[in-house]
Amino acid sequence: KLSPNVPENTIIGVRIPEIRKLAKKLIKNNEYQDFLKELPHKYYDENLLHGAIISDIKNFDNCIELLDIFLPFIDNWAVCDTISPKIFKKNKVELIKKIKEWTNSDKTYICRFGIEMLMTHFLNEDFKKEYLEMIANIYSKEYYVNMAISWFFATALAKQWDSTVVYLENDKLDVWVHNKTIQKARESFRITKEQKDYLKGLKR
């Protein structure tokens, strides 16, 4: 029900922890290359496994190469959101270049993936104000892109309040994104009561 655009007959129902275990086993035994070439996959669970394998690849360039092949085949938020390569933490300089490329894509889930990677890796010690502008400049009619933008700004409010709140004060975001950002921030445990009350007054 959470992924209405995924045909029910393509869902086997394997749990994520089991998929991640299988991904580690395939990588350890070096038995995953042929599977990654079998695109497009028939089953939703196969796409989850594909993403889990990529998330565990230890070489950055190889990981990026595999991502660029796989991302165009993603057709739902759930598969997109489970991909989080561990190697990205050690390659921030190269990663930000790819994120700029992904967020400029007109493909829904490539763009969403780029937004999520920026949110995951660049809102703490590697934060720059220009990253907020980068996401604010994305204009899309796609629900799952706009949800990702809202999620990004709600997280940015929790981590970089002073730099982020001005985007709401100055109406720099699309109205729907603006209001959804406020909603998500006010639902967050990382935002203080005072901040939540202030955000309520900024609703459009």
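Parameters and conventions
- Residues numbered from 1 in each chain as written.
- Predicted model: local features only at pLDDT ≥ 70, side-chain atom pairs only at ≥ 80, totals over all residues.
- Heavy atoms only, no water.
- Phe/Tyr/Trp six-rings, centres within 6.5 Å; stacked < 30°, edge-to-face > 60°.
- Helix = DSSP H or I, 4+ residues; strand = E, 2+ residues; numbered from the N terminus.
- Buried < 20%, exposed > 50% of the residue type's maximum accessible area, 1.4 Å probe, protein only.
- Lys NZ or Arg CZ within 6 Å of the ring centre and 35° of its normal.
- Axes fitted to C-alpha atoms, helices over the stretch in contact; angles between N-to-C directions.
- Parallel < 35°, antiparallel > 145°, perpendicular 65-115°, else oblique.
- Left-handed = near helix turned anticlockwise from the far one by under 90°.
- Contact = heavy atoms within 4.5 Å.
- Nonpolar A, V, L, I, M, F, W, Y, C, P; charged D, E, K, R; others polar.
- Core = buried A, V, L, I, M, F, W, Y, C linked by side-chain atoms within 4.5 Å.

Okay, the packing of aromatic side chains next. Two descriptors summarise a pair of aromatic rings, namely the distance from one centre to the other and the angle between the planes of the rings. Per the stated rule, a full pass over the model turns up 10 aromatic pairs. Between Trp102 and Phe113, the aromatic rings sit 5.0 Å apart at their centres with planes inclined by 70 degrees, giving edge-to-face as the arrangement. Residue Trp102 is found in helix α6 (residues 92–103), and its partner Phe113 is found in helix α7 (residues 108–121); the two are separated by 11 residues along the sequence. Comparing Trp102 with Phe113, the two get one shared label, buried. Here the aromatic cluster, defined as three or more aromatic residues joined through ring pairs, consists of Phe60, Phe88, Trp102 and Phe113. The cationic tip of Lys92 hangs over the ring face of Phe122; the distance from NZ or CZ to the ring centre is 5.5 Å.

Take the packing of α6 against helix α8 (residues 129–136) next. The contact between α6 and α8 brings their axes to 10 Å, and the two run at 20 degrees. Considering the angle they form, α6 stands roughly parallel to α8. You can see that α6 and α8 cross each other, and the crossing is left-handed. Packed against α6, whose contacting residues are Ile96, Ile99, Lys100 and Thr103, the element α8 presents Glu130, Tyr131, Met134 and Ile135 at the interface. Tallied by class, residues from the contact of α6 with α8 come to five nonpolar, one polar and two charged.

Counting residues in each nonpolar core, the largest one holds 70 residues, and the members touching the most others are Phe88, Trp102 and Leu199. Broken down by element, the residue count for this core peaks at nine residues, all from helix α9 (residues 143–159). Contact partners of Phe88, with chain neighbours within four places excluded, come to Phe60, Cys63, Ile64, Leu67, Leu95, Trp102, Phe113, Met117 and His121.

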